[in-house]
Number of protein chains: 2
Amino acid sequence: MSRPDFTKTNGLLPAIAQDSETGDVLMLAYMNEQAFDETLRTGTAVYYSRSRDRLWYKGEESGHVQTIDSIHIDCDADTILLKVQQTGAACHEGYPSCFFRQIDGDETKITLERLVNPDDVYGSNE
Amino acid sequence: MSRPDFTKTNGLLPAIAQDSETGDVLMLAYMNEQAFDETLRTGTAVYYSRSRDRLWYKGEESGHVQTIDSIHIDCDADTILLKVQQTGAACHEGYPSCFFRQIDGDETKITLERLVNPDDVYGSNE
């Protein structure tokens, strides 16, 4: 078996993107089978956007693409791990990783610095 | 806001466990609000087992607990990242990480070595 099991969870599997060099976890998004095949075909991360209900070529608007170094699956074949080279910022809020907040007791602290201003990347109307 | 948003995806959010020291992604499981609160209370990872439909105190059978170093949430507050110290093997198949298989073209290769024999940990009837 060399494929994730897309018969599970209505064909939508979580995919973790990890920076190949630093090991930082960048984000989690979802893939359907078509997104997975497009990821293989293009060599860059393609997800399925649940909010937009369509394939999401990561970086299609921002240019912040994720170039695939390797693809891994877990023991149950229902989670995908992508090791990637991230161009620009993984997070649409301009941070290098979507996990820029740490929960610390009753507070949340920002632990990363913004790489880019989201308004510069996506336009100020977003 | 210092909590994940458990109003999303029927109250079950993906939680990534990452080794604090090596940066290796160990596994992905799910948390409901009670699992999250139990994780905070105990200082060790507690998930919600979808197959067993109950709280899953990671390591309850194997002893392979995950001690929490820090808890992070993503930009949408619907994914949790745990940085942990893993005792023993994260994976029930005896590998240090559940992501022990890499997809390489039409093949899958095992990229990690087993730490423990699952039969020794869970009994031979599992």
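Keep in mind that what you see is a predicted model, and the values were worked out from it rather than measured.

## Quick look at the confidence of the model for chain A
Low pLDDT means the predicted atomic positions in that stretch should not be read closely.
So, point 1. Model confidence for chain A is summarised by a mean pLDDT of 94, while 96% of its residues fall at 70 or above.
So, point 2. Scoring of the predicted complex yields 0.95 for pTM and 0.94 for ipTM.

## Re the nonpolar core
So, point 1. Formed by 30 residues in total, the largest nonpolar core has its most connected members in Met 27, Met 31, Phe 36, Tyr 47, Ile 71, Ile 80 and Leu 82 of chain A.
So, point 2. Elements that contribute at least two residues to this core include exactly β1 (13–19), β2 (25–31), α1 (33–42), β3 (46–49), β4 (54–57), β5 (66–73) and β6 (80–86) of chain A.
So, point 3. A total of four residues in this core trace back to one element, the largest contributor, which is β2 of chain A.
So, point 4. Counting 29 residues, the second largest nonpolar core, distinct from the first, contains Leu 13, Ala 17, Ala 77 and Cys 98 of chain B.

## Some remarks on the relation of the copies chain B and chain A
So, point 1. The operation relating chain B to chain A is a screw motion whose rotation component is 180°, with 0.0 Å of axial translation and a residual RMSD of 0.0 Å. In symmetry terms, the pair is related by a two-fold rotation axis. Judged by C-alpha distance, Gly 23 of chain B is the residue of chain B that lies nearest the rotation axis, at 2.6 Å.
So, point 2. Counting the interface residues of chain B, we find that 100% of their copies in chain A are interface residues as well, pointing to one common contact surface.

Cut-offs and rules
Residues numbered from 1 in each chain as written. Chains lettered and ligands numbered in written order. Predicted model: local features only at pLDDT ≥ 70, side-chain atom pairs only at ≥ 80, totals over all residues. Heavy atoms only, no water. pLDDT = per-residue confidence, 0-100. Core = buried A, V, L, I, M, F, W, Y, C linked by side-chain atoms within 4.5 Å. Buried < 20%, exposed > 50% of the residue type's maximum accessible area, 1.4 Å probe, protein only. Helix = DSSP H or I, 4+ residues; strand = E, 2+ residues; numbered from the N terminus. Least-squares fit on C-alpha atoms with pLDDT ≥ 70 in both. Contact = heavy atoms within 4.5 Å.

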